[in-house]
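Architecture at a glance
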Amino acid sequence: MVNLLDRPSTRRTPSSSSGVKPSRPVARLTLPTLLALTAIVTVLPFVAMVLVAFAPPSGQTFPDAFYPSRWTVENFTRVLSSSDIPRWTVNSLLYSLVSVVFVLLFAAMAGYAFAKKRFPGRELMFWAFLATLMVPFQATLIPSYILISRLDWVDSYWGLIVPTLANSQAVFLLRQFISQLPDELFEAAEIDGAPEWKIFTLIVMPLIRPALATLGIFVFLWHWNDFLWPLVIGQSANMQTLTVGLATLQTQSVPINQIMAGATITVIPSLLVFGLLQRYLTDSITMSGLKS
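Please read all numbers here as calculations on a predicted model, not as lab measurements.

**Digging into the environment of Met-49**
Within the secondary structure layout, Met-49 lies in helix α1 (residues 24-54). Remark: the alpha-carbon pair of Met-49 and Ile-259, spanning 210 residues in sequence, is separated by 9.3 Å. Among all residues touching Met-49, those that are not within four sequence positions of it are Met-260, Ala-263, Thr-264 and Val-267.

This is the structure we're talking about:
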């Protein structure tokens, strides 16, 4: 009788299988190369903008700006000396910062209610509110303008800021983040007799700080770079934001070097906000993968 254990194994190892294995070093090399090319394509317009901004005011443009005869800040001084630039900057800061504060506050309150509270019609209300994401802003532009004009808010901060405070995307993101918080925290607070405002301010808000910081970055960038709504509402030069004001410079025969200098100035606040809140952004990404 033949012992089955003495029979030679017929199992084929991966090294003895026929066919050509894919080269893993090539795959590892391809991904970083693609990422590097994508980064270069993304950063190149910003580099060209900065180089043209620092080029002499003689009209030197890209790609000649890569080889400037000299560097100068004269374009920045001329842009900043304009009487309208400081006013546009203040309008953009007010539009962005005030919107960030109230969008985060309203979205956190709504997200907490949708995530942890039980009331009739909660799911229907949430999905109806979320369905507004599928409606493009251009479709509601005319009705929003008619409503603002009826309220006599055209060419005012009220008309500029108030219509942008109800952000369904922010509500959805904070609702998903708050729903991951353990229910035992809220049950313990209710047993101790804590009122709703205290639960919201002392429990919910500190725990969702990374999500608020991350969302605050995006809300700030959305409003700082917004163009269409400030263009419609700000009908006078005193109510124009920085993006709209710089666009109007092209109709005034302003040299391209000064326009690029103004555009470079508009990028600085975005970089500062991202640099200050970058730590919270990484914390939010880390916490999003944790279970309660």
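**Here we look at the pattern of salt bridges**
For the coordinates displayed, the defined rule picks out five salt bridges. Glu-123 is the partner of Arg-122 in a salt bridge, and the nearest nitrogen-oxygen pair spans 3.0 Å.

**Regarding the environment of Ala-131**
Assignment of secondary structure puts Ala-131 in the loop between α4 (122-130) and α5 (141-150). On the basis of relative accessible area, Ala-131 is assigned to the partly exposed category, the value being 30%. Along the chain, Ala-131 and Ser-168 lie 37 residues apart, while their C-alpha atoms are 8.6 Å from each other.

**Details of the environment of Trp-71**
As for its position among the elements, Trp-71 is in the loop between α1 and α2 (74-80). Owing to a relative accessible area of 52%, Trp-71 belongs among the exposed residues under this scheme. Residues in contact with Trp-71, not counting those within four places in the same chain, are Leu-51 and Phe-54.

**Re the packing of aromatic side chains**
Scanning the entire structure with this criterion turns up twelve aromatic pairs. Seen in terms of ring centroids, Tyr-112 and Phe-186 are 5.9 Å apart; in terms of plane orientation they differ by 35 degrees. Their pairing is tilted. With Tyr-112 in helix α3 (residues 84-116) and Phe-186 in helix α8 (residues 183-191), this residue pair connects regions lying 74 residues apart in the sequence. Taken together through their ring pairs, the aromatic side chains of Phe-114, Phe-119, Phe-126, Trp-127 and Phe-172 make up a single cluster. Between the NZ or CZ atom of Arg-175 and the centre of the ring of Phe-126, over which it lies, the distance is 4.3 Å.

**Some details on α4**
What α4 keeps buried is the set Arg-122, Phe-126 and Leu-130. Across the axial projection of α4, the buried residues extend over an arc of 60 degrees, all falling on one side.

**Considering the packing of α3 against helix α9 (residues 196-207)**
Following both chains from N to C, one finds α3 and α9 inclined at 105 degrees, their axes separated by 12 Å at the closest point. Taken together, α3 and α9 sit at an angle that is classed as roughly perpendicular. Listed contacts from α9 to Leu-105, Ala-108, Met-109 and Tyr-112 of α3 are Glu-196, Ile-199, Phe-200, Val-204 and Met-205.

Analysis parameters
Residues numbered from 1 in each chain as written. Predicted model: local features only at pLDDT ≥ 70, side-chain atom pairs only at ≥ 80, totals over all residues. Heavy atoms only, no water. Helix = DSSP H or I, 4+ residues; strand = E, 2+ residues; numbered from the N terminus. Contact = heavy atoms within 4.5 Å. Salt bridge = Lys/Arg side-chain N within 4 Å of Asp/Glu carboxyl O. Buried < 20%, exposed > 50% of the residue type's maximum accessible area, 1.4 Å probe, protein only. Phe/Tyr/Trp six-rings, centres within 6.5 Å; stacked < 30°, edge-to-face > 60°. Lys NZ or Arg CZ within 6 Å of the ring centre and 35° of its normal. Arc of directions from axis to C-beta. Axes fitted to C-alpha atoms, helices over the stretch in contact; angles between N-to-C directions. Parallel < 35°, antiparallel > 145°, perpendicular 65-115°, else oblique.

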